[in-house]
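Structural overview
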Amino acid sequence: MLKFVAAIGAAVIALAQPAAAQDMPPPVAPELTDAPGDDPLSGFRFEASAGYDRLEAYYIEDDTKYYDGANGIRYGSEIGYDAAIGRNVLLGGYVAYSGSSVDRCDDLDYFVLCQKAGNEISGGARIGGRIGRRAQMYGKIGYSQLKLNLSAFGDDFDETYKGVQFGFGGEYAMGNGAYVKAEFVGSSFGTNNTIYEDLNFERRSVVVGLGYRF
């Protein structure tokens, strides 16, 4: 009797093993992930970007804005460093260089004034908030200096404008150190002792970029 029960038990186990094997899910290929301890949103970074650019001068009178400006393409690069502060906050700094294709000439009755945007150098701080492990939304603020190339009466000369830069954007880490971003960035410049004295002079840009974290 015991031998019969043992034989039945052995047969049930033998039949169950193939069935269990069939019920098991197929093996899954290992997912590519960052190494333990690596943070895809922190560390040193370098990026290049390009997008829409606008330089504009304006004044406001009786709640009405009077303005004139020119559009072009912004291009440039940025280096920076970001550090994780707690679980969801990133704090860092940046230094950026950008150029522009903005170039226009205006007939002012007595003379023609031509203006071409030169390089802009900026630097400051930025703070971000995580959206999951690989993405963040951030804002930034800093100092900016823009060179404007001018031509009038047959003479060429430059003016330098200094002011505040600000912006906000989003960043997504693709893996292996690479990331993409989209950003709005603006600069508001002082105009004392320039051709735009008593006016507001601003630069506004929307760019996309590709970068790498070390």
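This report concerns the structure included in the present document.

Calculation rules
In this convention, every chain numbers its residues from 1, walking through the sequence in written order. Totals for whole chains, interfaces and linings use every residue, but because this is a predicted model, local features are given only for residues with pLDDT of at least 70 and side-chain atom pairs only at 80 or more, for both listing and counting. Just so you know, side-chain values use all the structure's heavy atoms and leave hydrogens and water out. Salt bridge, as used here, is a side-chain nitrogen of Lys or Arg placed within 4 Å of a carboxyl oxygen of Asp or Glu. The helix count covers DSSP runs of H or I at least four residues long, the strand count covers runs of E at least two residues long, and both are numbered beginning at the N terminus. Partly exposed describes any residue whose relative accessible area lies between the buried limit of under 20% and the exposed limit of over 50%, with all areas from a 1.4 Å probe on protein chains only and scaled to the type maximum.

Description of the pattern of salt bridges
Under the counting rule described, the total for this entry stands at 19 salt bridges. Linking Asp53 and Arg203 is a salt bridge whose minimum nitrogen-to-oxygen distance equals 2.9 Å. Taken together, the residues span a long stretch of sequence, with Asp53 in strand E1 (residues 43–61) and Arg203 in strand E9 (residues 200–213) at a distance of 150 residues. Arg203 shares its class with Asp53; the two are buried. Ionic pairing is found between Glu171 and Arg126, a salt bridge with its closest N-O pair at 2.9 Å. Remark: Arg126 occurs in strand E5 (residues 112–131) and Glu171 occurs in strand E7 (residues 155–175); sequence separation between them is 45 residues. Look at Glu171 and you get buried, because its relative accessible area is 4%. Several salt bridges share partner residues, and in doing so they unite Arg45, Glu47, Glu78, Asp82, Arg126, Lys140, Glu171, Lys181, Glu183 and Arg213 into one network.

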